[in-house]
Structure formats: structure tokens, C-alpha cells
Amino acid sequence: MAKVPRNFRLLEELEKGEKGIGDGSCSYGLEDGDDIMMSHWNGTIIGPGHTVHENRIYSLKITCGENYPDAPPTIQFISRVNLPFVSQVDGKVDPSKLPVLAHWNRNHSIETVLVEIRREMASFNNRKLPQPPEGSTFS
């Protein structure tokens, strides 16, 4: 099967992101509409219900390097969050601790990553973790 070029793939993801995903619990788009390389993205995750994350809005920075989608994007939380795969120093997601990034394949997408992070927030081990004050950010 032919490999879809990076820019075609990212245009497809941009179109999907602008339309919104499913129930609107995750969204994403380009940080700057003039970014012709489509490298820098913003993402938003609305915390899952019945967890300590409920009604919280988490902002993330997503960077798709030149090898995307063959290599995973880098993810960094702007909003402070206490999760085992997020550095408490700078908000960067450790790819080795988040299965969707650790076992990346080119069929995954920005959407896949955001949905998986949200699923992790609702997991048994993370749903009750004490969280930093709402609205606080990594500097």
C-alpha cells in the first residue's frame, strides 16, 4: 500500500480536527494557520466525568516532527495535571509511559493520542489522583 505523504496526512487531520471529534471531549487545530509545515498544533481535552478531572479543560501543545506520521508527535501539557506519564517539571508527556506513543504506528493520529490520554485520565489508577489547582499552568 502506498504511504500517504506527511502533508496530505496532516491536511486530513486538520480538516477532521476543525470539524470536531465525536462528542467534543477532545479537539485540536493548528497553532498558526500560516504554518505551512503543519508542525505546531494546539489540543484540548475536557476531563472525563466522574473523575477528579471532571469539567476541567486541559490545554496541550502537539508537535508533529518531519518524520510524522512514521514517528509519534511530541505532546506537552500547558495545563498542570498530575498523571504518571506527564513530567511535573514541564508538562511533557513521556512517550515510554503512554502506550499509544510507546507502540506508535503510522495509522495513529493526533486524535488517537488525545482520546487515549483522556481514557487514561478515566482509568482506575488515575481517576482519583490529587490534581493541581484548576487553571494552573506549567511555566
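What comes next is a walk through the structure. (Residues numbered from 1 in each chain as written. Predicted model: local features only at pLDDT ≥ 70, side-chain atom pairs only at ≥ 80, totals over all residues. Heavy atoms only, no water.)

Judged by nonpolar contacts, the single largest core of 30 residues is most densely connected at W41, F77 and I117. Every element with two or more residues in this core is listed here: α1 (6–19), β1 (26–30), β2 (40–46), β3 (57–63), β4 (74–77), α2 (99–102) and α3 (110–121). Here the element with the most residues in this core is α3; it accounts for five residues. The contacts of F77, once residues within four sequence positions are left out, are Y58, S59, L60, L83, V86, D90, G91, V93, I117, M121 and F138. (Core = buried A, V, L, I, M, F, W, Y, C linked by side-chain atoms within 4.5 Å. Buried < 20%, exposed > 50% of the residue type's maximum accessible area, 1.4 Å probe, protein only. Helix = DSSP H or I, 4+ residues; strand = E, 2+ residues; numbered from the N terminus. Contact = heavy atoms within 4.5 Å.)

Here the focus is the pairing of β4. Along any regular strand, the residues point their side chains to alternate faces of the sheet. Only one face of β4 is covered, namely the one carrying I75 and F77; the face carrying T74 and Q76 has none of its residues buried. Two elements, β3 and β4, share four bridges in a ladder whose sense is antiparallel. Paired with K61 across the bridge in β4 is Q76. (Pairing = 2+ DSSP bridges.)

Per the counting criterion, the structure on display carries seven salt bridges. Close ionic contact of E13 with R9 constitutes a salt bridge, the shortest N to O distance being 3.1 Å. With E13 and R9 both in helix α1 and four residues apart, this pair spans about one turn of that helix. Judged by relative accessible area, E13 falls into the buried class, the value being 4%. R119 is the partner of E116 in a salt bridge, and the nearest nitrogen-oxygen pair spans 2.3 Å. Here E116 pairs with R119, and both are found in helix α3, just three residues apart, close to one helical turn. Take E116: its relative accessible area is 23%, and that puts it in the partly exposed class. Taken together, the shared-partner salt bridges connect K3, D70 and R106 into one network. (Salt bridge = Lys/Arg side-chain N within 4 Å of Asp/Glu carboxyl O.)

This next bit is on the side chain of S39. Residue position: S39 is located in the loop between β1 and β2. Apart from the residues within four sequence positions on either side, S39 is in contact with R6, I62, T63 and C64.

Attention now goes to the sheet that holds β3. Taken together, four strands build an open sheet; the order of strands is β1-β2-β3-β4 and the sheet is antiparallel. The sheet terminates laterally at β1 and β4, the two strands that pair on one side only. The sheet shows a mean angle of 25° between the axes of neighbouring strands, direction not considered. When β1 meets β2, the two strands line up antiparallel, connected through five bridges. Residue pairing across strands places C26 opposite I45, the latter belonging to β2. This element, α1, spans β1 and β2 of the sheet and lies at about 130° to β1. (Axes fitted to C-alpha atoms, helices over the stretch in contact; angles between N-to-C directions.)

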